[in-house]
Amino acid sequence: RKEVEQDPGPFNVPEGATVAFNCTYSNSASQSFFWYRQDCRKEPKLLMSVYSSGNEDGRFTAQLNRASQYISLLIRDSKLSDSATYLCVVNVPPFGNEKLTFGTGTRLTIIP
Amino acid sequence: EPEVTQTPSHQVTQMGQEVILRCVPISNHLYFYWYRQILGQKVEFLVSFYNNEISEKSEIFDDQFSVERPDGSNFTLKIRSTKLEDSAMYFCASLASGTASTDTQYFGPGTRLTVL
């Protein structure tokens, strides 16, 4: 089983629509979870951390289900600028020296 | 906003040559990392560095690779004898302290290494 698994897409979504991405991770000892976005040939940039209780940042909502080892990202009212690859990222213990393990990413294209 | 910087942005080298990729992490950060991303593939961890020594390294980080923090600001990745399969984007990252579960790594813009 892959350490972090994502549907690679591509997701082609009309502007204004809502889109959801899912991710599963294999290491139950993982403690920190993130969504990064990566534009073509650029570095990964932190979109948001994912908390156990779920969290929201504007149009973006992240959820974590530790029992199922499942993370999700919801984007509401999608904008053209949301077109990017979304990376599900999980830390690998020991806590305090957080080697990040990346999924392959889900490619999103917002269509005008 | 403080940021991680990397030089050069693009390095072209011949197979078998040595290359040094340079990074300047964010100034008050304590942990430093190198990752690589082969074109079309996922980002992969290479090595982490803390307190002037390697704290963890992956299978990719073999004897051809080394890291150094020579002067308290720069953090370098050296590949002694490059192979074709070393062609990739190399990202440096730094982390403030790792003591908060939400503390996270900030990535530099990357160096694209092309081995001919």
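The rules behind these values
- Residues numbered from 1 in each chain as written.
- Chains lettered and ligands numbered in written order.
- Predicted model: local features only at pLDDT ≥ 70, side-chain atom pairs only at ≥ 80, totals over all residues.
- Heavy atoms only, no water.
- Pairing = 2+ DSSP bridges.
- Helix = DSSP H or I, 4+ residues; strand = E, 2+ residues; numbered from the N terminus.
- Axes fitted to C-alpha atoms, helices over the stretch in contact; angles between N-to-C directions.
- Contact = heavy atoms within 4.5 Å.
- Salt bridge = Lys/Arg side-chain N within 4 Å of Asp/Glu carboxyl O.
- Polar contact = N/O pair within 3.5 Å; in protein donor to acceptor, adjacent residues only side chain to side chain.
- Nonpolar A, V, L, I, M, F, W, Y, C, P; charged D, E, K, R; others polar.
- Buried < 20%, exposed > 50% of the residue type's maximum accessible area, 1.4 Å probe, protein only.
- Phe/Tyr/Trp six-rings, centres within 6.5 Å; stacked < 30°, edge-to-face > 60°.

A. Structural context of the sheet that holds strand 3 (residues 19-25) of chain A. Residue and element names in this part refer to chain A. One open sheet holds the five strands; their spatial order is 1-3-8-7-6, and the pairing between them is antiparallel. A single partner strand is all that each edge strand has here, and the edge strands are strand 1 (4-6) and strand 6 (55-57). Neighbour to neighbour, the strand axes of the sheet diverge by 20° on average, direction disregarded. Bridge analysis of strand 6 against strand 7 (residues 60-65) gives three bridges, and the strand direction is antiparallel.

B. Focus on the interface of chain A and chain B. Contact residues are listed per partner, giving 20 residues for chain A and 27 residues for chain B. If you look at where chain A meets chain B, you find one salt bridge. Between B:Glu56 and A:Lys99 there is a salt bridge; the shortest N-O distance is 3.7 Å. Put simply, chain A and chain B have four residue pairs in polar contact (both at pLDDT 80 or more) between them. Listed by contribution, the elements that provide at least two residues to the side of chain A that touches chain B are strand 4 (33-38), strand 5 (45-50) and strand 10 (99-102) of chain A. Here the residues of the side of chain A that touches chain B sort into eight nonpolar, seven polar and five charged.

C. Quick peek at the pattern of salt bridges. All names here are of chain A. The tally for this structure, following the rule as stated, stands at six salt bridges over all chains. A salt bridge links Arg37 to Asp39, with the nearest nitrogen and oxygen atoms 2.7 Å apart. Accessibility expressed as a relative area gives 17% for Arg37, which makes it buried.

D. How the structure looks around the sheet that holds strand 7 (residues 65-68) of chain B. Residues and elements named next belong to chain B. As summarised here, the arrangement of the four strands in space is 1-3-8-7, forming an open sheet in which the pairing is antiparallel. Of all the strands in the sheet, the pair left with one neighbour each is strand 1 (5-7) and strand 7. If you compare each strand with its neighbour and ignore which way they point, the axes differ by 20° on average. Sheet analysis places strand 7 next to strand 8 (residues 75-79), joined by four bridges and oriented antiparallel. Of the residues in strand 8, the one forming a bridge with Glu68 is Thr76.

E. Spotlight on the packing of aromatic side chains. For the structure on display, the rule yields 17 aromatic pairs over all chains. Both rings, one in B:Tyr35 and one in B:Phe45, keep their centres 5.8 Å apart while their planes meet at 75°; by these two values the pair is edge-to-face. Taken together, the residues B:Tyr35 in strand 4 (residues 31-37) and B:Phe45 in strand 5 (residues 43-50) connect sequence positions 10 residues apart. The same class applies to B:Tyr35 as to B:Phe45, namely buried. Between the aromatic rings of B:Tyr35 and B:Phe107, the centroid separation amounts to 5.3 Å while the plane-to-plane angle is 45°, which identifies the pairing as tilted. Taken together, the residues span a long stretch of sequence, with B:Tyr35 in strand 4 and B:Phe107 in strand 10 (residues 106-107) at a distance of 72 residues. Given the relative accessible area of 8%, B:Phe107 is considered buried. By way of ring pairs, the aromatic residues A:Phe34, A:Tyr36, A:Phe102, B:Tyr33, B:Tyr35, B:Phe45, B:Phe91 and B:Phe107 are connected into one cluster.

F. Structural context of the side chain of A:Arg37. All names here are of chain A. Within the secondary structure layout, Arg37 lies in strand 4. Within the structure, Arg37 has its side chain in polar contact with the backbone oxygen of Ser81 (distance 2.9 Å). At 3.2 Å, the side chain of Arg37 and the backbone oxygen of Ser83 are in polar contact.

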